[in-house]
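Chain by chain, the residues run as shown.
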Amino acid sequence: MFPTLKDNPDYTSVVNQRHYDRLNSYIEDAKAKDFWRFLVALNIRHVGPVAARALASHFGSLTAIEAATADELAARVVASQVGVVRWPPRADRRRLVARLLAPVGSTIVLTADGDRAHAFARWLDDQGVATALLHSDRSPAARTDAWRQAARGSCVVVGGRMAALAPVPDLGAVVVLDDDDEALQEERSPTWHARDVAFERARRCGAHAYVVSPAPSVQVSNEVPGAFAPAHAFEVEGWPRVDVVDQRELPPGSGLLSEPLVDAVRATVERGVLAVIVQNRRGGVRLLRCDACHELTRWDANGRPLWDHDTPADIELKPTFCIHCGGMRLRVLSGGVQRLANHLALRLAGHDVAVVDAAVPTAPEAAVLVGTEAVLHRREVRRRRPGLVAFVDFDAELFAARYRASEQALWLIVRAAHVMAAAPRHETRVLLQTHQPDHPVVVAAREGCPEVFLVEEARRRVSYDLPPHSALAHVRADDPVVDAVHAALSETHWSQRGVGADRTEGQLLVRAPDADVLAEALEVGLGAARAVGTARVVVDPPRI
């Protein structure tokens, strides 16, 4: 007898040298992979990809994890319960969202798009999943039935803002689709965002919360760094083809109907496919283009140049020269959708051009539709599968006097991609006319890489101390009420805590270092104003 099997000289190993080398190569390859993948492979309960990334990022090695206390590990796992998935706008995300549903209990899926909510609910029903569709476009009776089904639990609630309040007793997960969609924010007082309500519910219940979006908001990206993203090639293919018309290189007098734009529209309608033209000029911002350097100068509705913050509000002073080169020949970039449609109809003989606005109940069956952003929300437009969505004045979005202007401009491109998602990618495209082809938003859309914009926008928010690195509130009321709030917040105590209040006629913008300080300041300011009157307060205003 031999003490061990290997001591027997007649023993032949079942693992020859070739197999031995191959197994070792597999082990070395696994060691070289990301540490979080190794943690996932250990199959630890409650440690999936989200928690594994958080643990790997914080501790860095298995030795550090072994040395950590149970409380430290639990804190990192709880913090990892919120995950962000960056998913391109044209790609089907139904199966992705289905994988994020809680295996036990109920899940709330929030999406502001009514058509997509209905389609996803039908798909879940076909998969045998108990689904409650809770959306504002359903009848009161249908919403009541969905509310009762949610109260019974063990279901998936799909809907818009109101779904965030669904009375599920066994919440296991929350999935927010397209968290940057402004329709998820309630405009009535008290204002609230469905994403924030859903995340707070998930935190209190110990449930997982996920955001799935082509371009997650800067706020979510700041709270949950390191979004999951598919392979680069898949993400690029999931974005629409984007053509950029550099208006600086156009001949003088081209206006908004440039030759590249008209040619693109003509080529689309001659194929029998719908073309959509968007001119989304909102608010009082005006744009001037210098004929010498082709740069843009802006001023607001009161006539104050936006580069001169000290100009008195009662002085109407429109720029008479270019602030970039001093040139005296400035061209006004203006014109409404009706005028644009009339001029386009003259250039497209034989093709119908129609205007779609709030007064039009149903979009007409015209070859070309011209309208504001609202045209992209029309159900009948999406069903016609447009082949072209052109933003004729994209600078009006990029340079709007709002701190979220760039983020909202990128979201317009996402919405255009949603409208064209049903058609093959090679048959569709988005056309952007701009004087800034190197703007991060334009580059991100053209390359199909939203991270280009998110990194630059996050850097800008930090530099200017804008949300999410501060907290804002917009107060609107009669002048006596605004005066009372302003006086209460002008005390030295609040300035020492970093609270500032900028007053204009009938409104007040309150800024604080964080949401807690802002809440305390508003409590004091509004308490002082109650004796005078009432005020409307919007926290985290989307259009400031």
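Every chain is numbered independently, its residues counted from 1 as its sequence is written. Only residues with pLDDT of at least 70 are given local features in this predicted model, and only at 80 or more are side-chain atom pairs given and counted; all residues enter the totals for whole chains, interfaces and linings. As a convention, hydrogens and water are excluded, and side-chain values are obtained from all of the structure's heavy atoms.

J.: Even after reading the chapter, I still don't get the overall build of the protein, so can you show me in this structure?
T.: Think of it this way: any DSSP run of H or I at least four residues long counts as a helix, any run of E at least two long counts as a strand, and we number them from the N terminus. Looking only at helices and strands, the protein has 21 helices and 19 strands in total. The contact definition used throughout considers only heavy atoms, calling two residues in contact when any of these lie within 4.5 Å. Expressed as a percentage of contacts within the protein between residues at least 6 apart in sequence, the contacts between residues at least 24 apart total 68%. Exposure was quantified through the Shrake-Rupley algorithm and a 1.4 Å probe, taking into account, for residues, occlusion by the shown protein chains and nothing else. Surface accessibility of the protein: about 27300 Å² in total, with carbon and sulfur atoms responsible for 52%.

J.: Any chance you could explain helix H9 (residues 194-205) here in plain terms?
T.: Since the α-helix packs 3.6 residues into each turn, any two residues three or four apart lie on the same face. With 12 residues, H9 ought to run about 16 Å at 1.5 Å a step, and its terminal C-alpha atoms sit 16 Å apart, in line with that. Turning to H9, its buried residues are Ala194, Arg195, Ala198, Phe199, Arg201 and Ala202. End-on, the buried residues of H9 take up no more than an arc of 160°, which puts them together on one face. Exposed residues on H9 whose side chains face more than 90 degrees from its buried face are Arg203 and Arg204. Looking one or two residues beyond H9, the residue adopting positive phi is Gly206, at roughly 70°. In this analysis, the expected span of each helix is defined as 1.5 Å times one less than the number of residues it contains. Here the term buried applies to any residue with accessible area under 20% of the maximum for its type, exposed to any over 50%, and partly exposed to those in between, with areas from a 1.4 Å probe on protein chains only. It is the directions from the helix axis to the C-beta atoms that the arc portrays.

J.: Would you mind going over the pattern of salt bridges with me for this structure?
T.: For this analysis, a salt bridge means a side-chain nitrogen from Lys or Arg found within 4 Å of a carboxyl oxygen belonging to Asp or Glu. For the coordinates displayed, the defined rule picks out 32 salt bridges. The shortest N-O distance in the salt bridge between Asp243 and Arg429 comes to 2.5 Å. Taken together, the residues span a long stretch of sequence, with Asp243 in strand S7 (residues 242-246) and Arg429 in strand S15 (residues 429-434) at a distance of 186 residues. Judged by relative accessible area, which is 24%, Arg429 ranks as partly exposed. Put simply, Arg378 and Glu380 hold a salt bridge, and the shortest N to O gap is 3.4 Å. Linked by salt bridges that have partners in common, Asp180, Arg404, Glu407, Glu457, Arg460 and Arg461 make up one network.

J.: Would you explain empty space enclosed by the protein in this entry?
T.: The probe, sized like a water molecule, is rolled over the atoms to show the empty space still left. The way it works is a 1 Å grid over only the protein atoms, where trapped points that fit a 1.4 Å probe form a cavity and open points with protein on both sides within 12 Å along at least five of seven lines form a pocket, and then any residue with an atom within 4 Å of a point lines it. Grid points are joined across faces, edges and corners, and a volume is the space filled by probe spheres set on the points. Inspection of the entire model under this criterion finds 6 cavities of 30 Å³ or more. The space that makes up the largest cavity amounts to roughly 170 Å³. Taken together, 18 residues make up the lining of the largest cavity; nearest its centre are Asp180, Arg195, Gln219, Arg404 and Asp540. Under the scheme applied, nonpolar residues are Ala, Val, Leu, Ile, Met, Phe, Trp, Tyr, Cys and Pro; charged residues are Asp, Glu, Lys and Arg; polar residues are all the others, including Gly. Classifying every residue of the lining of the largest cavity by side-chain character gives 5 nonpolar, 4 polar and 9 charged. There is about 70 Å³ of room inside the second largest cavity.

J.: Is there a simple way to think about the nonpolar core in this case?
T.: Here is a general trend for soluble globular proteins: nonpolar side chains tend to be buried in one another's company. Within the largest apolar cluster, 35 residues are counted, with the highest numbers of intra-cluster contacts made by Leu369, Phe391 and Phe394. Contributions of two or more residues to this core are made by strand S8 (275-278), strand S12 (353-356), strand S14 (388-391), helix H16 (405-419), S15, helix H17 (440-447) and helix H18 (451-463). Residue contributions to this core peak at 8 residues, all from H16. Non-local contacts of Phe391, meaning those with residues more than four positions away in its chain, are made with Val278, Leu376, Leu412, Ile413, Ala416, Val430, Leu431, Leu432 and Gln433. Put simply, a nonpolar core is a bunch of buried Ala, Val, Leu, Ile, Met, Phe, Trp, Tyr and Cys residues held in one set by side-chain atoms that sit within 4.5 Å of each other. Ranked by size, the runner-up nonpolar core spans 29 residues in total, among them Val97, Leu100, Leu133 and Val212.

J.: Is there a simple way to explain the sheet that holds strand S17 (residues 500-504) in this structure?
T.: Strand pairs in the sheet, formed through backbone hydrogen bonds, run parallel or antiparallel to each other. Any two strands between which DSSP finds at least two bridges are classified as paired. One open sheet accounts for 4 strands, arranged S17-S18-S16-S19; its pairing is antiparallel. Looking at the sheet topology across the chains shown, the edges are occupied by S17 and strand S19 (536-539). Each neighbouring strand pair of the sheet contributes to a mean axis angle of 20°, computed without reference to strand direction. Of the strand pairs in this sheet, strand S16 (residues 471-476) and strand S18 (residues 507-512) are connected by 6 bridges, and their pairing is antiparallel. In the sheet register, Ala473 faces S18, and the bridge partner there is Val510. Axis lines are fitted through C-alpha atoms, for helices just across the contact stretch, and the angle between N-to-C directions can take any value from 0 to 180 degrees. Its contacts with the sheet place helix H19 (residues 479-489) against S17 and S18, and it is angled at close to 155° to S17. Along the sheet, helix H21 (residues 515-529) contacts S16, S18 and S19; its crossing angle with S16, the most-contacted strand, is approximately 20°.

J.: Can you help me understand the pairing of strand S6 (residues 208-213) in this one?
T.: For a regular strand, side chains alternate in direction, first toward one face of the sheet and then toward the other. Burial runs high along S6: 5 of the 6 residues are buried. Both strand S1 (residues 82-86) and S6 contribute to a ladder of 5 bridges, which runs parallel. For Val84, the partnering residue across the bridge sits in S6 and is Val211. Across 5 bridges, the pairing between strand S5 (residues 171-177) and S6 is parallel.

J.: In this structure, what is going on with the environment of Arg404? I would like to understand it.
T.: Examined against the element boundaries, Arg404 turns out to sit in the loop between helix H15 (395-398) and H16. With relative accessibility at 9%, the residue Arg404 sits in the buried group. With near-sequence residues (within four places) excluded, Arg404 lies in contact with Asp180, Arg461 and Pro542. By the criterion applied in these results, polar contacts are pairs of N or O atoms within 3.5 Å in which, for protein atoms, one can donate a hydrogen and the other can accept it, and in which residues neighboring in sequence qualify only through two side-chain atoms. Side chain to side chain, Arg404 and Asp180 meet in a polar contact 3.0 Å long.

J.: When you look at the packing of aromatic side chains in this model, what are you seeing that I'm missing?
T.: Ring pairs (aromatic) are described by centroid distance and by the angle formed between their planes. Centres within 6.5 Å are what make two rings of Phe, Tyr or Trp a pair, Trp counting through its six-membered ring; a difference in plane orientation under 30 degrees is then read as stacked, over 60 as edge-to-face, and the rest as tilted. Tallied over the full model, the rule gives 3 aromatic pairs. Taking 5.2 Å as the distance between ring centres and 50° as the angle between the ring planes, the aromatic pair formed by Trp87 and Phe234 counts as tilted. Pair noted here: Trp87 is in the loop between S1 and helix H6 (94-100) and Phe234 is in helix H11 (residues 232-237), with a separation of 147 residues, a long-range link. You can call Trp87 buried: its relative accessible area is 16%. Residue class for Phe234 comes out partly exposed when judged on its relative accessible area of 38%.

J.: Is there a simple way to explain unusual backbone geometry in this structure?
T.: Leaving glycine out, the prevailing phi sign among residues is negative, and the prevailing peptide bond configuration is trans. Pro467 connects to Pro468 through a cis peptide bond whose omega is 10°. Structurally, the position occupied by Pro468 is in the loop between H18 and S16. For Asp465, which is not glycine, the phi dihedral falls at a positive 55°. Within the secondary structure, Asp465 sits in the loop between H18 and S16. One non-glycine residue with positive phi stands out, namely Asp540, at about 55°.

J.: Looking at this model, I keep getting lost on the packing of H19 against H21. Mind explaining?
T.: For any two helices packed against each other, the geometry is given by the interaxial angle and the distance between the axes. One way to put it is that H19 packs onto H21 with a least axis distance of 8 Å and a crossing angle of 135°. Taken together, the axis directions place H19 and H21 in an arrangement best described as oblique. In this structure, H19 meets H21 at a crossing whose hand is right-handed. For the pair H19 and H21, contact is made by Val481, Ala484, Val485, Ala488 and Leu489 and by Ala521, Val524, Gly525, Leu526, Ala528 and Ala529, respectively. Residues of the contact of H19 with H21, tallied by class, amount to 10 nonpolar, 1 polar and no charged. Angles below 35 degrees are treated as roughly parallel, those above 145 as roughly antiparallel, those between 65 and 115 as roughly perpendicular, and all remaining angles as oblique. For any helix crossing, the convention is left-handed if the near helix is rotated counterclockwise from the far helix by under a right angle, and right-handed if that rotation is clockwise.

Geometry only, nothing functional implied.
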